[in-house]
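For reference, the chains in residue letters:
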Amino acid sequence: MKTILKLENVVKKFSGLVAVEDLTIEMAERSIHALIGPNGSGKTTTINLITGVLPLTSGVIRFNDTVISGMPTYKIAQKGIGRTFQNLKLFNSMTVIENLMVGGHQMTKMGMYKFLFDCHTAKREEKILKERAREVLTFIGIDKWRNEKVSNLPYGRQKMTELGRALMMKPKLLLLDEPAGGLNPSERVEFVNILLKTYDLGIDLLLIEHNMDVVMNVSNKITVLNFGKKIAEGSPEEIQKDNEVIKAYLGEKYASAVRVSRGD
Ligand SMILES: Nc1ncnc2c1ncn2[C@@H]1O[C@H](COP(=O)(O)OP(=O)(O)OP(=O)(O)O)[C@@H](O)[C@H]1O
């Protein structure tokens, strides 16, 4: 088994508060790995550490054996790590396709100076970005809304747009912060199908998610955090039976519903 992402003894402190405590995670290549835990347990902070949005207090993060902790965010993105956010970070007054094209700019070889002053190359770059955006929009099934302003779209399609923007860079690993949050049941099913299709393209997924149906159905491995510490790790079956996880997060109601549905 090859490891795509490795966190080694990662610590993040915000003045007095230890948000992530001595966290070690190994994510296998060709896997869907979930990070779950109660509110405030350090999940989003962990994603912010991986993507370089926050500096580590101590520890090391490796992506495909390269140390990425300490690198600026754009370099980490260029290495092949994409992300989506818990609260959408789209440009609401821009159209769907414009949002994707902005997300794809880092993909092109051109610097901003050249883009502004070299019209000929800028036009060619724009054409490449547009073609890539259409390809991504078709893949996630929202191409017909490409010229709509993001603010006019229902929430489910806005979430798709954000996923599309992350896919523009052709990441090898995609970090998803609550992809199913705020979606209604049919949007959720549609989104999960697109995520599985994305995985089939060869993109590994690290997923933060509170919806346990989604987590248990799609993940190969789950890491559970509580107060910044890893309290359990294993397959969905192992995690559903883990007493500490049931006590800290899943609750007895969830655990007994699973036992009934399994006929235990
Ligand atoms: N920039 C910050 N400054 C100070 N404290 C922070 C900061 N970001 C996060 N925290 C704190 O770190 C802890 C972990 O927060 P984090 O957002 O990582 O949790 P989470 O597991 O993602 O929660 P949720 O499920 O609610 O999104 C919390 O106590 C939070 O208040």
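Residues numbered from 1 in each chain as written. Predicted model: local features only at pLDDT ≥ 70, side-chain atom pairs only at ≥ 80, totals over all residues. Heavy atoms only, no water.

**Regarding the site of the ligand**
The line we're drawing: Being near a molecule or strand, for a residue, means having at least one of its heavy atoms within 4 Å of it. Here a polar contact is recorded for every N or O atom pair within 3.5 Å, except that within protein the pair must consist of a potential hydrogen donor and a potential acceptor, and residues adjacent in sequence are included only if both atoms are side-chain atoms. In this description, accessible areas are obtained by the Shrake-Rupley approach with a 1.4 Å probe, and a residue is regarded as covered only by the protein chains that are shown. Each helix corresponds to a stretch of at least 4 residues labelled H or I by DSSP, and each strand to a stretch of at least 2 residues labelled E; elements are numbered beginning at the N terminus. Residues were grouped as follows: Ala, Val, Leu, Ile, Met, Phe, Trp, Tyr, Cys and Pro as nonpolar; Asp, Glu, Lys and Arg as charged; and all remaining residues, including Gly, as polar.
Around the ligand there are 13 residues in total, and Asn 39, Gly 40, Lys 43, Thr 44 and Thr 45 lie nearest to it. Within the backbone of Thr 44, one N or O atom sits 2.8 Å away from an oxygen atom of the ligand. Here Thr 45 contributes a side-chain N or O atom positioned 2.6 Å from an oxygen atom of the ligand. In the complex, the protein chains occlude 61% of the 640 Å² of accessible area that the ligand would expose alone. For the shell around the ligand, the element with the highest residue contribution is helix α1 (residues 43–50), accounting for 3 residues. Grouping the amino acids of the shell around the ligand by side-chain chemistry returns 4 nonpolar, 8 polar and 1 charged.

**Some points on the environment of Thr 44**
The criterion, for reference: For this analysis, residues touch if any pair of their heavy atoms sits within 4.5 Å.
Tracing the sequence through the fold places Thr 44 in helix α1. Along the backbone, Thr 44 and Leu 176 are 132 residues apart, and their C-alpha atoms lie at a distance of 9.7 Å. In this structure Thr 44 touches Gln 86, Asp 177 and Ile 208, once residues within four positions along its chain are discounted.

**Notes on the side chain of Asp 143**
Applicable threshold: For the exposure calls, accessible area comes from a 1.4 Å probe over protein chains only, and a residue counts as buried if that area is under 20% of its type's maximum, exposed if over 50%, partly exposed in between.
Residue placement: Asp 143 occurs in the loop between α5 (119–140) and α6 (155–167). By relative accessible area, Asp 143 is classed as buried at 14%. When residues no more than four places from it in sequence are discounted, the contact partners of Asp 143 are Arg 134, Leu 137 and Thr 138.

**Some remarks on the nonpolar core**
The criterion, for reference: Nine residue types can take part in a nonpolar core, namely buried Ala, Val, Leu, Ile, Met, Phe, Trp, Tyr and Cys, and a core is a set of them joined through side-chain atoms within 4.5 Å. The start and end points of each domain follow an automatic or database-based domain assignment.
Counting residues in hydrophobic clusters, the biggest one holds 49 residues, and the most contacted among them are Ile 36 and Leu 163. When residues of this core are assigned to their parent elements, the largest contribution, 6 residues, is made by α5. No fewer than three residues from each of domain 1 (1–80 + 171–263) and domain 2 (90–169) sit in this core. Setting aside residues no more than four positions away along its own chain, Ile 36 makes contact with Lys 43, Glu 209, Met 212, Val 215, Ile 222, Thr 223, Val 224, Leu 225, Ile 239 and Tyr 249.

**Concerning the sheet that holds strand β1 (residues 3–14)**
Let me state the cut-off plainly: At least two bridges found by DSSP between two strands are what make those strands a pair. Angular values range over 0 to 180 degrees, each being the angle between N-to-C directions of two axes fitted as lines to C-alpha atoms, with helices fitted over their stretch in contact.
Taking strand neighbours across the sheet as the criterion, the 4 strands line up as β2-β1-β4-β5 in an open arrangement whose pairing is antiparallel. The open sheet is flanked by β2 (17–28) and β5 (66–67), the only strands paired with a single partner. By the bridge criterion, 5 bridges tie β1 to strand β4 (residues 58–63) in an arrangement that is antiparallel. Bridged to Val 11 within β4 is Ser 58. The sheet strands contacting α1 are β1, β2 and β4, and the helix crosses β1 at an angle near 115°.

**Thoughts on α6**
Residues three or four positions apart in an α-helix share a direction because the helix packs 3.6 residues into each turn. For clarity, the threshold we go by: Expected helix span is computed as 1.5 Å times (number of residues minus one).
Over its 13 residues, α6 runs 19 Å from end to end, which matches the ideal 18 Å to within 8%, given 1.5 Å per residue. Across the 13 residues that make up α6, a large majority, 11, are buried.

**Some words on the sheet that holds strand β7 (residues 173–177)**
The strand order across the open sheet formed by 6 strands is β6-β7-β8-β3-β9-β10, and the pairing between neighbours is mixed. Looking at strand neighbours, the two that pair on one side only are β6 (81–84) and β10 (229–234), the edges of this open sheet. Across this sheet, the average inter-strand angle for adjacent strands is 15°, counted without regard to direction. Of the pairings in the sheet, the one linking strand β3 (residues 32–36) to strand β8 (residues 204–208) comprises 4 bridges and is parallel in character. Across the sheet, His 33 pairs through a bridge with Leu 206, a residue of β8.

**A few points about the packing of α6 against helix α7 (residues 185–200)**
To characterise two packed helices, one gives the angle between the axes of the helices and the distance between these axes. Let me state the cut-off plainly: Each angle receives one of four descriptions, namely roughly parallel if under 35 degrees, roughly antiparallel if over 145, roughly perpendicular if within 65 to 115, and oblique otherwise.
Direction vectors running N to C along α6 and α7 enclose 10°, while the axes themselves pass 10 Å from each other. Between α6 and α7, the angle is such that the two are roughly parallel. Contacts between α6 and α7 involve Gly 156, Lys 159, Met 160, Leu 163 and Leu 167 from the former and Glu 187, Glu 190, Phe 191, Ile 194, Leu 195 and Thr 198 from the latter.

**Some remarks on the pattern of salt bridges**
Quick note on the threshold: Salt bridges are identified by distance alone: a Lys or Arg side-chain nitrogen within 4 Å of an Asp or Glu carboxyl oxygen.
The final tally for this structure, using the stated rule, is 10 salt bridges. With a shortest N-O distance of 2.7 Å, Glu 135 and Arg 132 are connected by a salt bridge. On the criterion of helical spacing, the pair formed by Glu 135 and Arg 132 is a turn pair, its members being 3 residues apart in helix α5. We classify Arg 132 as buried; its relative accessible area is 14%. In this structure, Asp 143 and Arg 134 form a salt bridge, with 2.8 Å as the shortest nitrogen-oxygen distance. For Arg 134, a relative accessible area of 34% corresponds to the partly exposed category. Taken together, the salt bridges that share partners define one network made up of Lys 6, Glu 8 and Arg 62.

Take it as geometry only, folks, not as evidence of what the structure does.
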